[in-house]
Amino acid sequence: MTRNTGYVWHERYGWHDTGTFAGIVPPGPMVQPFHNFESPESKTRFNSLVEVSGLVEHLTKLRPALATEEDVLRVHTPRHLEHIRSQSEAQLGDAGDGWSPFGRGAYEIALLAAGGTITATEAVLTGAVDNAYALVRPPGHHAERDLGMGYCLFANIPIAIEWARVHHGVERVAVVDYDVHHGNGTQHIYEDDPDVLAISLHQDRLFPQDSGLVDERGFGAGAGATINVPLPAGSGNGAYLAAFERVVGPALRAFKPQLIMVASGFDASAVDPLGGMTVTASAYRSMASTLVALADELCDGRLVFSHEGGYSPVYVPYCGLAVLEAISGVETGVPDPYAHSFEHSPAHPLKPWQDEVIGASEALARQLGLVV
Ligand code: ZN
């Protein structure tokens, strides 16, 4: 079954400049200059494959609009908005944590990334498309209300959720985050909100350090609506698919969202310079198919992906293509050229120490079913 899938991309996303770095550190006398791991390459090459594979002919291209100040201020403090705007006028500014550099004009590109996520959400909510993928940059899931961090300037998904609440009366939203890093921004923005379920699958204590533990469950009225699955380093397809089956599925069924948003990072892939996981394109395809089925079952198929991390310029395009094929139902026939290297790793079968973590998160998903 094919679907009408919306697709957001804009050349300006590739113009977001993260400066001359050596991966994650500034160059210095004993650090040879290179580029930042967060570079345009993985995203522009993802878009290139969508074009060259012919998949783009089967997608509905959506032109992103700039988010407005009002849109941003539903989530962020005026101080943070002003910080990003003023830093964006410098030759090399920073989002707030000292490790998230950007060049001139980043403010407008960040507004376009948040706006692109809004555009995708609007198209899904109006029924213009069945589901959507917003290939935006810079990413958003680390951005806190008053602080940019981890390459994130504005919280793209929360900005789109708050827009949807105001303009479409959406009440209950679930966020599923499979980026290898903890979705700390999304969690903190919604940790006292019972109407937004934030589920994050990530590498245990990778970034932010000591963040995203199982016992972070939200508080106040939002207690229980935060679920973390901090998978041990080295987890592969077996752990991720088990977490989807035993945690994501039951939690979404218990929560009954009206809209599912996905923080789609591909840095849990087998060759990511910032992650220590071994996920392959076939598992990303399976996770996306599961989300499509859950959205069909729970919320008339309303499913919006917003791109996050993923720093392998050569592999992210195939992981992304697999997700786009899964949500559109269109098969391009383009094989994963890395499958012969990555699919047969002994890292893939579920290990007991991974099963233990999933079991703890699974218990939280069951409790959500009892509470709601
Ligand atoms: Zn990430």
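Note that the structure is predicted; figures quoted are calculated from it, not measured.

Draft legend 1. Representation of the coordination of the zinc ion in the model. Asp179 (OD), Asp179 (OD), His181 (ND1) and Asp267 (OD) make up the full set of protein donors to the zinc ion, lying at 2.0 to 2.7 Å. Written as a sequence motif, the donor residues of the zinc ion are D-x1-H-x85-D. Of the two residues, Asp179 sits in the loop between β8 (173–177) and α6 (184–190) while Asp267 sits in the loop between β11 (259–264) and α8 (281–299), which places them 88 residues apart along the sequence. Overall, Asp267 belongs to the buried group, its relative accessible area being 0%.

Draft legend 2. Just the nonpolar core, in detail. Leu252, Leu291 and Phe305 are the most contacted members of the largest nonpolar core, which totals 112 residues. The element that contributes the greatest number of residues to this core is helix α4 (residues 106–126), accounting for 13 residues. Beyond its immediate sequence surroundings of up to four residues, Leu291 is in contact with Val176, Tyr178, Phe244, Val248, Leu252, Val262, Leu303 and Phe305.

Draft legend 3. Molecular detail of the pairing of strand β7 (residues 131–134). A two-sided burial pattern is seen for β7, the buried positions comprising Asn131 and Tyr133 on one face and Ala132 and Ala134 on the other. Pairing geometry for strand β1 (residues 5–8) and β7, over four bridges, is parallel. Residue Val8 lies in a different strand from β7, and its bridge partner there is Ala134. Relative to strand β12 (residues 303–307), β7 runs parallel, the two sharing four bridges. In the strand pairing of β12, Ala132 is matched with Val304.

Draft legend 4. Layout of α8. Taking 1.5 Å per residue, 19 residues should reach 27 Å; α8 reaches 26 Å between its end C-alpha atoms and fits that length. When we look at burial in α8, the residues that qualify are Ala281, Ala283, Tyr284, Met287, Ala288, Leu291, Val292, Leu294, Ala295 and Cys299. Elements in contact with the buried residues of α8: β8, α7 (237–255), β11, β12 and α9 (316–328). One or two positions beyond α8, positive phi appears at Asp300, with a value near 55°.

Draft legend 5. Spotlight on the pairing of strand β10 (residues 226–231). Of all six residues in β10, six are buried; the element is thus mostly enclosed. Here β10 shows a buried face lined by Thr226, Asn228 and Pro230 and a second buried face lined by Ile227, Val229 and Leu231.

Draft legend 6. Structural view of the packing of α8 against α9. Two elements in contact, α8 and α9, have axes separated by 8 Å at closest approach and are oriented at 30°. One way to sum up the angle between α8 and α9 is to call them roughly parallel. In this structure, the crossing between α8 and α9 has a hand that is right-handed. Mapping the contact onto sequence places Ala281, Tyr284, Arg285, Ala288, Ser289 and Val292 in α8 and Tyr318, Cys319, Ala322, Val323, Glu325, Ala326 and Ile327 in α9. Here the residues of the contact of α8 with α9 are counted per class, giving ten nonpolar, one polar and two charged.

Draft legend 7. Focus on the side chain of His348. Tracing the backbone shows His348 in the loop between α10 (339–342) and α11 (352–371). If we skip the residues at most four places from it in the chain, His348 touches Gly236, Asn237, Gly238, Ala239, Thr278, Thr280, Phe342 and Glu343.

Draft legend 8. Structural detail: the environment of Gly54. By the secondary structure assignment, Gly54 is in the loop between α1 (41–52) and β4 (60–62). On the accessibility criterion, Gly54 (22% relative accessible area) is partly exposed. Taking the C-alpha atoms as reference, Gly54 lies 9.7 Å from Val334; in sequence the two are 280 residues apart.

Draft legend 9. Local environment of the sheet that holds β10. Strand order across the open sheet formed by eight strands is β4-β1-β7-β12-β11-β8-β9-β10, with parallel pairing between neighbours. The strands lining the two open edges of the sheet, one partner per strand, are β4 and β10. Going across the sheet, the axis of each strand differs from the next one's by a mean of 15°, ignoring polarity.

Draft legend 10. Region of interest: the packing of α7 against α8. Contact geometry of α7 with α8 gives a least axis separation of 10 Å together with a crossing angle of 10°. By the criterion of interaxial angle, the relationship of α7 to α8 is roughly parallel. Contacts between α7 and α8 pair Asn237, Tyr240, Leu241, Phe244, Val248, Gly249, Leu252 and Arg253 from the former with Ser282, Ala283, Ser286, Met287, Thr290, Leu291, Leu294, Glu297 and Leu298 from the latter. Looking at the contact of α7 with α8 residue by residue, the classes come out as ten nonpolar, five polar and two charged.

Draft legend 11. Inspection of the environment of Gln209 at higher detail. Turning to its location among the elements, Gln209 is positioned in the loop between β9 (196–203) and β10. Between the alpha carbons of Gln209 and Pro194 there is a distance of 26 Å; along the sequence they are 15 residues apart.

Draft legend 12. Broad picture of the packing of aromatic side chains. Applying the stated rule across the entire model yields 13 aromatic pairs. Here Phe46 and Phe266 contribute two aromatic rings whose centre-to-centre distance is 6.3 Å and whose plane-to-plane angle is 80°, an arrangement assigned as edge-to-face. With Phe46 in helix α1 and Phe266 in the loop between β11 and α8, this residue pair connects regions lying 220 residues apart in the sequence. When sorted by exposure, Phe46 lands in the same class as Phe266, which is buried. Between the aromatic rings of Phe266 and Tyr284, the centroid separation amounts to 4.8 Å while the plane-to-plane angle is 85°, which identifies the pairing as edge-to-face. Taken together, the residues span a long stretch of sequence, with Phe266 in the loop between β11 and α8 and Tyr284 in helix α8 at a distance of 18 residues. On the basis of relative accessible area, Tyr284 is assigned to the buried category, the value being 1%. By way of ring pairs, the aromatic residues Phe46, Tyr133, Tyr178, Phe266, Tyr284 and Phe305 are connected into one cluster. The aromatic ring of Phe255 is capped on one face by Arg172, whose charged end is 4.1 Å from the ring centroid.

Cut-offs applied
Residues numbered from 1 in each chain as written. Predicted model: local features only at pLDDT ≥ 70, side-chain atom pairs only at ≥ 80, totals over all residues. Heavy atoms only, no water. Donors = N, O, S within 2.8 Å, 3.2 Å for Na, K, Ca; no water. Helix = DSSP H or I, 4+ residues; strand = E, 2+ residues; numbered from the N terminus. Buried < 20%, exposed > 50% of the residue type's maximum accessible area, 1.4 Å probe, protein only. Core = buried A, V, L, I, M, F, W, Y, C linked by side-chain atoms within 4.5 Å. Contact = heavy atoms within 4.5 Å. Pairing = 2+ DSSP bridges. Expected span 1.5 Å × (residues − 1). Axes fitted to C-alpha atoms, helices over the stretch in contact; angles between N-to-C directions. Parallel < 35°, antiparallel > 145°, perpendicular 65-115°, else oblique. Left-handed = near helix turned anticlockwise from the far one by under 90°. Nonpolar A, V, L, I, M, F, W, Y, C, P; charged D, E, K, R; others polar. Phe/Tyr/Trp six-rings, centres within 6.5 Å; stacked < 30°, edge-to-face > 60°. Lys NZ or Arg CZ within 6 Å of the ring centre and 35° of its normal.

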